Amino acid sequence: MARPGSACPPPARRVMVAARALLFWALVYSYCGVCACIAGLRLLWSIGRRPGETFRWVVRENPPACLNDPSLGTHCYVRIKDSGLRFHYVAAGERGKPLMLLLHGFPEFWYSWRHQLREFKSEYRVVALDLRGYGETDAPSHKENYKLDCLITDIKDILESLGYNKCVLIGHDWGGMIAWLVAICYPEMVTKLIVVNFPHPSVFTEYILRHPSQLIKSGYYFFFQMPWFPEFMFTVNDFKVLKSLFTSQATGIGRKGCRLTAEDIEAYLYVFSQPGALTGPINHYRSIFSCLPLQHHEVIMPTLLLWGERDAFMEVEMAEITRIYVKNHFRLTILSEASHWLQQDQPDIVNKLIWTFLKEETTRKRE
């Protein structure tokens, strides 16, 4: 028998690891079932109230004019040699200027960075990417093609294909998760890191398991593990869920924010109403649990974390905890009246904060 305080023998350790894994996956699938039941009840309620409208949804045939606004930049494509995937992006600013690479969240696409494309093109080559599976970027059919390793490698390959070896990397929401991991895995490629409304990945995975309130707010991670049903729920009542994410009082941009126009909403509906357009984005989440737990990795470049305090999906406490994983200058700014969609909600303030951070001395010690 092992002495008290001594390490467990290998067989016992293996049993403990297996038990933890079993409990983890039991939690994942149990909560997935709960979320599916809630979604099913909402569907039945919708059918009962408006049976004719529930299953009506329209594919938008033509893009709204805002998606081809020349002030936002030029639509471009790049094919990655190793994966064979073609990526779509919008670029503004002269070639040869320092690269600023923008990674969007869910359910968004390059257009969520329209305010930043206009703002930073004077001093940067600004590239707003459609991530793998989104918009006009290729969408592999199997969920295994959306593991975090693939998504991280995409960014490295795109950077190199654009003729750069480093960039200012900015990510929001799920794009923020990818930005953190790129900065960890390829620190030589990121001169400065800016993340909007997403904590360090280790903070997120630890916090969600210890705080039921965040577990509930992240319920869509679990709901998205189901095949086809999440995509279907987005189409109900002509994409009511998609529209309400940006416009409702609970999750949307507030009264003091820069609200999306009717044309902005049509831009989102145009992209996500295309046949199969939701499967790629949701597949990003279908692979996340197989990549956990994430290791405790530190970030070594100057980092700015911007946070909308009215975020309906992420608790603000995670923002401050993130500080311990950044071993360089770290600046956290929390905007009290801002929502999860921060760079669209408060574009002028966000742009000003980014400019200030970019002009700071990079050799400055961590505060």
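Quick caveat: nothing in here was measured; it's all calculated off a predicted structure.

S.K.: Give a description of the nonpolar core that names residues and reports values.
M.R.: In this structure, L169, W174, L193 and Y221 are the most contacted members of the largest nonpolar core, which totals 118 residues. It is helix α5 (residues 174-185) that contributes the most residues to this core, nine residues altogether.

S.K.: Can you break down a positive patch on the surface residue by residue, with the values?
M.R.: A surface patch of positive charge is lined by R255, K256, R259 and R310. Among the structural elements, R310 can be located in the loop between β7 (303-308) and α12 (317-321). Judged by its relative accessible area of 30%, R310 falls in the partly exposed class.

S.K.: An account of the sheet that holds strand β8 (residues 330-335) is needed here, citing residue identities and associated values.
M.R.: Across the sheet, eight strands lie side by side as β1-β2-β4-β3-β5-β6-β7-β8; this open sheet has mixed pairing. Each edge of the open sheet carries a strand with a single partner, namely β1 (74-79) and β8. Taking the axes of each pair of neighbouring strands and ignoring which way they run, one obtains an average angle of 20 degrees across the sheet. Along the sheet, α5 makes contact with β3 (99-103), β5 (167-172), β6 (190-196) and β7, crossing β5 at roughly 145 degrees.

S.K.: I'd like to hear about the pairing of β3, residue by residue, with values.
M.R.: Residues in a regular strand project their side chains so that they alternate between the two faces of the sheet. The buried fraction of β3 amounts to five of the five residues, a majority that puts the element mostly inside the structure. Of the two faces of β3, the one holding L99, L101 and L103 and the one holding M100 and L102 are both buried throughout. Where β3 and strand β4 (residues 125-129) come together, five bridges link them in parallel fashion. Counted as the bridge partner of L102 is A128 from β4. Once you follow β3 into helix α3 (residues 114-120) and on to β4, the crossover reads as right-handed. Where β3 and β5 come together, four bridges link them in parallel fashion. Within β5, the position partnered with L102 by the bridge is I170.

S.K.: Can you explain the confidence of the model for the protein chain? Please cite residues and give values.
M.R.: Put simply, the protein chain has an average pLDDT of 91, and 92% of its residues get 70 or more. The low-confidence segment residues 1-7 (pLDDT under 50) makes two contacts with residues lying over four places distant or belonging to another chain.

S.K.: Requested: an account of unusual backbone geometry, with residues and values cited.
M.R.: Peptide bonds are, in most cases, trans, and in most cases residues other than glycine have a negative phi. In the segment running from F106 into P107, the intervening peptide bond is cis, with an omega of -10 degrees. Its place among the elements puts P107 in the loop between β3 and α3. Notably, N237 is not glycine yet its phi reads approximately 55 degrees, a positive angle. Tracing the chain through its elements places N237 in helix α9 (residues 229-247).

What counts, and at which threshold
- For every chain, the first residue of the written sequence is number 1, and numbering continues from 1 along that sequence.
- Only residues with pLDDT of 70 or above have their local features reported here, since the model is predicted, and side-chain atom pairs are shown and tallied only from 80 upward, although totals for entire chains, interfaces and linings are computed over all residues.
- For side-chain calculations, the full set of non-hydrogen atoms in the structure is used, while hydrogens and water are omitted.
- The criterion is simple. A nonpolar core is a set of buried Ala, Val, Leu, Ile, Met, Phe, Trp, Tyr and Cys residues joined through side-chain atoms within 4.5 Å.
- Burial classes follow relative accessibility: with a 1.4 Å probe on protein chains only, a residue under 20% of its type's maximum area counts as buried, one over 50% as exposed, and anything between as partly exposed.
- Runs of E in the DSSP output that reach at least two residues are strands. Runs of H or I that reach at least four are helices, and both are numbered from the N terminus.
- For patch building, the residue pool is restricted to those with more than 30% relative accessible area and no salt bridge; the joining distance is 9 Å between like charges and 5 Å between nonpolar side chains (Val, Leu, Ile, Met, Phe, Trp, Tyr).
- For the accessible areas, the method is Shrake-Rupley and the probe is 1.4 Å, while residue cover comes only from the protein chains on display.
- Any Lys or Arg side-chain nitrogen located within 4 Å of an Asp or Glu carboxyl oxygen qualifies as a salt bridge.
- Under the counting rule used here, the positive set is Lys and Arg, the negative set is Asp and Glu, and His together with the chain ends is not counted.
- Lys charges are placed at NZ, Arg charges at CZ, Asp charges at CG and Glu charges at CD.
- Two strands are said to pair when DSSP picks up at least two bridges between them.
- Lines are fitted to the C-alpha atoms to define the axes, a helix being fitted only along its stretch in contact, and any angle between axes, read from their N-to-C directions, falls within 0 to 180 degrees.
- The criterion used for residue contact is that any of the two residues' heavy atoms lie within 4.5 Å.
- If the strands point away from the viewer and the path from the first strand over the helix to the second runs clockwise, then the crossover is right-handed.
- Note: pLDDT gives the predictor's confidence per residue, expressed from 0 to 100.

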